[in-house]
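# Results of the structural survey
What follows is each chain in one-letter form.
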Amino acid sequence: MSHHGHTGGPLAPPRFDVAVIGAGFGGLAAALTLAEGGARVLLCEALSYPGGCASTFSRRGYRFEAGATLFSGLAPDGLFGRWIQRYAPALEVRFPDPVIALRAPGFTLDLPPRPEDLVAQLCAMPGAPVAGIRSFFAEQQQVAATLWGLFDDPGLLPPFREGALLDHLRRLPRYLPLLRLVGRPLVHALRRHGVADWTPLRATLDASCQISVQCGVDEAEAPFAMAALDYPFRQAGHVRGGIGRLAWALARAVERLGGDVRMAARVRHLARDGEGWALDVRGETVRAERVVANLLPQDLQRLAAVPPGAWPRLDRLAAQVAEGWGAAMLYLGVDSSTFDRREAHHIEIIDDTSAPLIEGNHLFCSISGADEPDRAPPGQRTVTVSTHLSLQGCPPDQRAARVQAVQDRMRDVLQRRAPKLWAGVRVEMPASPRTFQRFTRRHAGLVGGIPRRAGLHHYAGLLPRPVAPGLHLVGDSVFPGQSTLAVAIGGVKVARAVLGDAALQQSLISLPAPRPASDPAPSTGR
Ligand SMILES: Cc1cc2nc3c(=O)[nH]c(=O)nc-3n(C[C@H](O)[C@H](O)[C@H](O)COP(=O)(O)OP(=O)(O)OC[C@H]3O[C@@H](n4cnc5c(N)ncnc54)[C@H](O)[C@@H]3O)c2cc1C
């Protein structure tokens, strides 16, 4: 632990340009971008390790991925790929093929890394509406290319980098096809292409939407959903040894750039202090000009003791987050002999395609590789199994029973649909929204951010506006939210807004121009 905050005198509290609360990927991305921009950064994480919902934790000789297991942006030209080249070149990234093996009643699908191969697989199925499948994916690819173009270059989203507006003008023709999708559920587009009722496509898209935009095709805001359908085609991969390695690499990069990174350092209180903010952390009061909170709006309200109604934007966000999901998990230690494949891989299971893909009816299973010996005791591999679970409206005294019922359904589905894997289980550790609440401190264990149910309100949050003077929110409750890459992109965006803030700029000793993320690797941080 190092102290880089300048002090105003021997007894004055440490003082930073920006304090970042929470080292999930939103906070890590913000802290790193701020440190790269020359700000004196404090990064506080309550747990003894970074990553939050996308971390790797140790338990009973296993190293499990806590939640997120499959990531976009890892290719050399993606945001994570560029950070890996700059700050952690030894980190190994794997791109599985198939990206995901989907098993559903009546069909299986090996989701390939190339969209044309998926189209070919679907078209080869008995009864496939070939023309409709082709035209749907042509539209999806076009929309995804446009929107990912914005994702890959955070400078194209507000706050704009120089030249971004011109770039947007040039892209205008590509934006026009989006107009007929905006504010409508994905199922509208499926109907237009005449493929809304063909089960294999519908179930495949439902599964993908549930995981990414947190609702099925009947509800999912079409442009968001079409962009998210591209995840497997955007060089989706995993980090050898677990995503926690990337989280640690980013935390250490912040430190190497002069930031003060504190683990096991829960911020217990946040209060306005003159023009800046005062944070209570580990019995110390720390002062910062700006704060970036990698927290759910509910948790920020509590931390800053904000009465309801005082910060209306936070109230609105909190209400949207409350409509989201918790997760039920099974962390499994499984006999290695169970697996044919040596490498890490991902299996997605649908039990009943006619029912919502939640609460045990839909499982995402990620299996560590034989080349990751530190992930499990000898002769075993780890498997992280997750499903969506909502406890909204469930009376407190019935929650434990509901969680139990969903976990039982998960076991039952694994036994029936993945019997070989199930037979190899040696150790099982279940988890629930309570577990997430306890470890990541997320209100009610809500994970996954705001469901992107069709509506124009999603576009209102595009600008990274502070929730209170000098106080910004990052993470999956703010745009673009929702995946590890998306929260990181959001963190970069917010950090750039903070760096561009005139008042803060005056206080920075020497502010190098924020580097566009596409810059070649600088010599720092090796
Ligand atoms: C089961 C599951 C599966 C998922 N699968 C995928 C996937 O395969 N691919 C993908 O891209 N995404 C996936 N996601 C989504 C992804 O994990 C999240 O979008 C992302 O990790 C959220 O990051 P965040 O920064 O918003 O918040 P978090 O990860 O929750 O980070 C917040 C951090 O703040 C810390 N904190 C909280 N309070 C305090 C405090 N007072 N002081 C200091 N620190 C504090 C917490 O400990 C935590 O580390 C999955 C999520 C879940 C739950």
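For clarity, every value in this text was computed on a predicted model and none was experimentally measured.

Annotation of the chain at the domain level lists domain 1 (15-55 + 241-321 + 449-507), domain 2 (115-232) and domain 3 (325-445). The C-alpha centroid of domain 3 is placed 28 Å from the C-alpha centroid of domain 2. Facing the 8 residues of domain 2 at the interface are 10 residues of domain 3. A per-class count over the side of domain 2 that touches domain 3 returns 3 nonpolar, 4 polar and 1 charged.

Through backbone hydrogen bonds, the strands of a sheet pair up, either in parallel or in antiparallel fashion. In spatial order, the strands read S7-S6-S14-S15-S16-S13-S17; together these 7 strands make up an open sheet with mixed pairing. In this open sheet, the two edge strands, each paired with only one partner strand, are strand S7 (107-111) and strand S17 (425-431). Neighbour to neighbour, the strand axes of the sheet diverge by 15 degrees on average, direction disregarded. Where strand S6 (residues 100-104) meets S7, 5 bridges bridge the pair, whose relative direction is antiparallel. Following the sheet pairing, Arg103 is matched in S7 by Thr108. The strands that helix H14 (residues 433-440) touches are strand S13 (326-335), strand S16 (380-389) and S17; relative to S13, the one it contacts most, it runs at about 90 degrees.

A separate point is the site of the ligand. Close to the ligand lie 39 residues; Gly22, Gly24, Gly52, Gly67 and Gly475 are nearest. Elements with a contribution of two residues or more to the shell around the ligand: helix H1 (25-36), helix H10 (297-303) and helix H15 (484-500). Residues belonging to the shell around the ligand are distributed by class as follows: 18 nonpolar, 15 polar and 6 charged. Built from parts of two domains, the shell around the ligand gets at least three residues from each of domain 1 (15-55 + 241-321 + 449-507) and domain 3 (325-445).

So, about the nonpolar core. Core analysis: the largest hydrophobic core is formed by 159 residues, its most contacted members being Ala19, Val41, Leu250 and Val254. Counting residues per element, this core draws most heavily on H15, which supplies 10 residues. In contact with Val41, not counting residues within four places along its chain, are Phe16, Asp17, Val18, Val20, Ala31, Leu34, Ala35, Val254, Gly259 and Asp260.

Now for the packing of H1 against helix H9 (residues 244-256). The contact between H1 and H9 brings their axes to 9 Å, and the two run at 30 degrees. Of the possible angle classes, the one that applies to H1 and H9 is roughly parallel. Read as a crossing pair, H1 and H9 show a hand that is left-handed. Residues Leu28, Ala31, Leu32 and Ala35 of H1 form the contact with H9, whose participating residues are Ala247, Leu250, Ala251, Ala253 and Val254. In terms of residue class, the contact of H1 with H9 is made up of 9 nonpolar, no polar and no charged.

Along the polypeptide, Val93 turns up in strand S5 (residues 93-94). With 18 C-beta atoms counted inside 10 Å, the residue Val93 sits in the partly exposed group. Here the alpha-carbon distance between Val93 and Pro76, two residues 17 residues apart in the chain, equals 10.0 Å. Look past the residues within four positions of Val93 in its chain and what remains in contact with it is Leu74, Ile84, Gly237 and Val239.

Turning next to the environment of Gly127. Its place among the elements puts Gly127 in the loop between helix H3 (115-123) and helix H4 (130-152). The spacing of Gly127 and Trp198 is 71 residues in sequence and 8.6 Å in space, taken between C-alpha atoms.

Let's shift gears to helix H12 (residues 399-417). Taking 1.5 Å per residue, 19 residues should reach 27 Å; H12 reaches 27 Å between its end C-alpha atoms and fits that length. When we look at burial in H12, the residues that qualify are Val403, Val406, Gln407, Met410, Val413 and Leu414. On an axial view of H12, the arc spanned by its buried residues comes to 120 degrees, and they lie on one face. The exposed set on the far side of H12, more than 90 degrees from its buried face, consists of Ala401, Asp408 and Arg416. Considering only its buried residues, H12 is in contact with S13, strand S14 (345-350), strand S15 (362-367), S16, helix H13 (419-423) and S17.

Our focus in this paragraph is unusual backbone geometry. Cis rather than trans, the peptide bond between Asp97 and Pro98 has omega equal to 0 degrees. Note that Pro98 resides in the loop between S5 and S6. Residue Pro480 is bonded to the preceding Phe479 through a cis peptide linkage, with omega at -5 degrees. The residue Pro480 is located in the loop between strand S18 (471-473) and H15 in this model. One non-glycine residue, Ala264, lies in positive phi territory at about 50 degrees. Structurally, Ala264 is set in the loop between strand S9 (260-262) and strand S10 (267-273).

Here the focus is H14. Buried residues of H14: Pro433, Phe436 and Thr440, and no others. Buried residues of H14, seen end-on, are gathered within an arc of 60 degrees and therefore sit on one face of the element. In this structure, the buried residues of H14 make contact with S13 and S16. Backbone geometry just downstream of H14 places Arg441 in the positive-phi region, at approximately 65 degrees.

This part takes up the pairing of S6. The side chains of a regular strand alternate between the sheet's two faces. Only one face of S6 is covered, namely the face carrying Ile100, Leu102 and Ala104; the face carrying Ala101 and Arg103 is uncovered. As consecutive antiparallel partners, S6 and S7 are separated by 2 residues, and within that stretch Gly106 has a phi angle of approximately 95 degrees, a positive value. Across 3 bridges, the pairing between S6 and S14 is parallel. Looking at S14, one finds that Ala101 is bridged to Ile347.

Take the environment of Leu246 next. When you line up the elements, Leu246 lands in helix H9. According to the C-beta neighbour criterion, Leu246 is buried, with 30 such atoms within 10 Å. A sequence separation of 162 residues divides Leu246 from Ile84, and the C-alpha atoms of the two residues are 7.7 Å apart. Residues in contact with Leu246, not counting those within four places in the same chain, are Phe80, Leu91 and Val239.

Conventions we followed
Along each chain, the written sequence defines residue order, and numbers are assigned to residues from 1. A pLDDT threshold of at least 70 governs which residues receive local features in this predicted model, and a stricter bar of 80 or more applies before side-chain atom pairs are shown or counted, although totals over entire chains, interfaces and linings include all residues. For the domain bounds, the source is a domain assignment made automatically or taken from a database. Here the contact rule is simple: place C-beta atoms from the backbone, and any two residues whose C-beta atoms are within 7 Å are in contact. Throughout, the ten residues Ala, Val, Leu, Ile, Met, Phe, Trp, Tyr, Cys and Pro are labelled nonpolar, Asp, Glu, Lys and Arg are labelled charged, and all others, Gly among them, are labelled polar. Two strands pair if DSSP finds at least two bridges between them. Here a strand is any run of E in DSSP of at least two residues, a helix any run of H or I of at least four, and the numbering for each starts at the N terminus. Throughout, an axis means a line fitted to C-alpha atoms (over the contacting stretch in the case of helices), and angles, computed between N-to-C directions, take values from 0 to 180 degrees. A molecule or strand has a residue near it when that residue's C-beta atom, placed from backbone coordinates, lies within 6 Å of it. By definition, a nonpolar core groups buried Ala, Val, Leu, Ile, Met, Phe, Trp, Tyr and Cys residues that are joined through C-beta atoms within 7 Å. Exposure criterion: with C-beta atoms placed from backbone coordinates, a residue whose C-beta has 20 or more other C-beta atoms within 10 Å is buried, one with 12 or fewer is exposed, and one in between is partly exposed. For this classification, under 35 degrees means roughly parallel, over 145 means roughly antiparallel, 65 to 115 means roughly perpendicular, and everything else is oblique. Should the near helix be turned anticlockwise from the far one by less than a right angle, the crossing is left-handed, and should it be turned clockwise, the crossing is right-handed. Given the number of residues in a helix, its expected span is that number minus one, multiplied by 1.5 Å. The arc in question is the one spanned by the directions pointing from the helix axis to the C-beta atoms.

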